[in-house]
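# Per-entry structural report
What follows is each chain in one-letter form.
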Amino acid sequence: MIQTILIYTILAFCLFYFTKKSQYYPGAKSVLLYSIPIILYTIVFGIRYGVGTDYFNYLEAYEAWNITHAEDYSWEPGFVLLNSICSYFHCHATILFSVIAFLQILLIYLTFKHDKDVLAYSMLMLIMLGIGLWNFQNGLRQAIAFVFFLFSIKFIINKKFIYFLLSIILAINFHYSAIILIPIYFLYNKEKVYFNNQKMQYIILGISAVLSILGIAQELLGRFDSLILLLGYEKYLGSDFLNTFASEWTPYTYALFLVYCLFAYHYPNVQDFYKSDKFFEILYDLFFIGTCLNFIFLGNMMFGRILSYFTNLSFIIFGYYINYFVNTYKYSYTNFLSFAYIAFYILVFYIYAVLLHSYDHCIQYATFYQTHLHRTQEQMFTDFASNY
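Numbers given to residues run from 1 along each chain, matching the order in which its sequence is written. Local features are withheld for residues below a pLDDT of 70 in this predicted model, meaning they are given only at 70 or higher, and side-chain atom pairs are given and counted only at 80 or more; totals for whole chains, interfaces and linings count all residues. Note that the side-chain values use all heavy atoms of the structure and ignore hydrogens as well as water.

## Observations concerning the overall build of the protein chain
- Within the protein chain one finds 19 helices and zero strands.
- With a 1.4 Å probe rolled over the protein chains alone, any residue whose accessible area is under 20% of its type maximum counts as buried; one over 50% counts as exposed, and the rest are partly exposed. Counting every position in the protein chain, which comprises 388 residues, the buried fraction comes to 53%. Each helix corresponds to a stretch of at least 4 residues labelled H or I by DSSP, and each strand to a stretch of at least 2 residues labelled E; elements are numbered beginning at the N terminus.

What follows is the structure in structure tokens.
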């Protein structure tokens, strides 16, 4: 427990501090400071052991790969190639996981290399909101697909369809579900956003809340079988992952819903603060619709995975809003109160859900080289699996 708290807290601080600091120095020193968070993230999540519900599946498959040299073509070609290269050079499993972690963090840093203030707060949120611990470590292949998608959004703004398509093809090579992202180019290449109206956001949030509470999503399940097969989630058909929903809203759900209502309330001012930055507007659009759909399908792991391309953007949207509040809370009582509530929510969530329940969520930290902790990590995974 102590190790988990220290590792994640120190990592979150370092990601924020060195990213923020890098913008104040020129040339090589800036590059060095900017590289430190990438290196730290790669090491921490490269040498981990038993962190993430899918960890042992990937570990056992890779170790079998090393013995038999037989490629598992049930996975996507890009991930097969990555495993094959590491296996060819007889790399330890930590090298494979390090390469995966490096890809995850590198593409985020390349995407935001010209906006280090937002990036710094986003990196803090990546850890404190649990995105980098749950979503990135539980769904390794889809996390790589997600960061390729994030990287591709700049090409929508620049109207470079070929570069966008190549990025999405790379994403598809790590998770077939990324095929649903191709139409996004055509939705946003005409410099139009769809959810920048404040009242519309309130209405859609309200409708999604009502549908979520009424459990209407369960009535729609039978219509999605073909889509589930196409996106590579066939293992969820007939399983609890597909049929299970949250039975009711918890205090956490209400608290999070209020955060999103505050986002909608402050959206016009945030939009002005970033001078109608098209990148922010597209990210917010995608995040908003993903969030509303996630409320409707609340607690359903399968739909949560599909929507993760949009809901994973939450750590970036939080980064944008926190950067805005840090620069404006002194000048507005409303901004101060909103900032205080959101900061309180983040802190409580980090302490309660991430740190105190790290065992329940399979994110309790141990390294591959701490063999005395391996049995504990394996038991954590066994306990988690037995609940499903």
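Having seen the structure, we can now continue with the description.
## Quick word on the packing of aromatic side chains
- In this scheme Phe, Tyr and Trp rings, the latter by its six-membered ring, pair at centre separations within 6.5 Å, and the angle between planes marks the pair as stacked below 30 degrees, edge-to-face above 60, and tilted otherwise. Inspection of every chain in the model, using the stated rule, returns 63 aromatic pairs.
- Centre to centre, the rings of Y88 and F89 are 5.1 Å apart; their planes meet at 90°, and the pair counts as edge-to-face. Note on accessibility: Y88 and F89 belong to one class, exposed.
- Here K116 stacks its cationic end above the ring of Y34, 4.7 Å away from the centre of that ring. Whether a charge lies above a ring is judged from NZ of Lys or CZ of Arg, which has to be within 6 Å of the ring centre and within 35 degrees of the ring normal.

## As for unusual backbone geometry
- At H90, a residue that is not glycine, the phi angle is positive and equals roughly 55°.
- On the secondary structure map, H90 appears in the loop between α4 (77–88) and α5 (93–111).
- You can call H90 exposed: its relative accessible area is 63%.

## Quick word on empty space enclosed by the protein
- Points on a 1 Å grid over protein atoms alone make up a cavity when a 1.4 Å probe fits among them but cannot get out, and a pocket when they form an open set with protein on both sides within 12 Å along at least five of seven lines; lining residues each have an atom within 4 Å of a point. Grid points are joined across faces, edges and corners, and a volume is the space filled by probe spheres set on the points. Summed over the entire model, instances satisfying the criterion amount to one cavity of 30 Å³ or more.
- Lining the largest cavity are L205, Y260, F263, Y284, F287, F288 and T291.
- Sorting the residues of the lining of the largest cavity by element identifies α14 (251–273) and α15 (278–296) as the ones contributing at least two each.
- In terms of residue class, the lining of the largest cavity is built from six nonpolar, one polar and no charged. Three classes are used: nonpolar for Ala, Val, Leu, Ile, Met, Phe, Trp, Tyr, Cys and Pro, charged for Asp, Glu, Lys and Arg, and polar for all others, with Gly counted as polar.

## Some thoughts on the pattern of salt bridges
- By convention in these notes, a salt bridge is any Lys or Arg side-chain nitrogen within 4 Å of a carboxyl oxygen on Asp or Glu. Counting across every chain of the model gives four salt bridges.
- Between D54 and R305 there is a salt bridge, with its nearest N and O atoms 3.4 Å apart. Of this pair, D54 sits in the loop between α2 (27–46) and α3 (55–68) while R305 is found in helix α16 (residues 301–311), placing the two residues 251 residues apart along the sequence.
- On the basis of relative accessibility, which here comes to 17%, the residue R305 falls in the buried class.
- Note that K278 and E281 form a salt bridge whose closest N and O atoms lie 3.1 Å from each other. Highlighted residues: K278 and E281, both in helix α15, separated by three residues, approximately one helical turn.
- Since its relative accessible area comes to 4%, E281 is described here as buried.

## Here we look at the side chain of T42
- Along the chain, T42 turns up in helix α2.
- Note on T42: relative accessible area 13%, which makes it buried.
- The residues touching T42, leaving out its near neighbours within four places in the chain, are S98, A101, F102 and I105. Here, two residues are considered to be in contact whenever any of their heavy atoms come within 4.5 Å of each other.

## Overview of the environment of I306
- Among the secondary structure elements, I306 is positioned in helix α16.
- Using a relative accessible area of 10% as the deciding quantity, one classes I306 as buried.
- Placed 16 residues apart in sequence, I306 and G290 show a C-alpha to C-alpha distance of 9.5 Å.

## Details of the packing of helix α8 (residues 140–157) against α16
- Where α8 contacts α16, the axes come no closer than 10 Å and their chain directions differ by 30°. Judged by the angle between their axes, α8 and α16 are roughly parallel. For α8 against α16, the interelement crossing comes out right-handed. In contact with Q142, A145, F146 and F149 of α8, α16 contributes R305, I306, S308, Y309 and F310.
- Here the residues of the contact of α8 with α16 sort into six nonpolar, two polar and one charged. Here, axes are lines fitted to C-alpha atoms. For helices the fit covers the stretch in contact, and angles between N-to-C directions go from 0 to 180 degrees. Throughout, the term roughly parallel applies to angles under 35 degrees, roughly antiparallel to angles over 145, roughly perpendicular to angles from 65 to 115, and oblique to all others. Left-handed is the label given to a crossing in which the near helix is rotated counterclockwise from the far helix by less than a right angle, and right-handed is the label when the rotation is clockwise.

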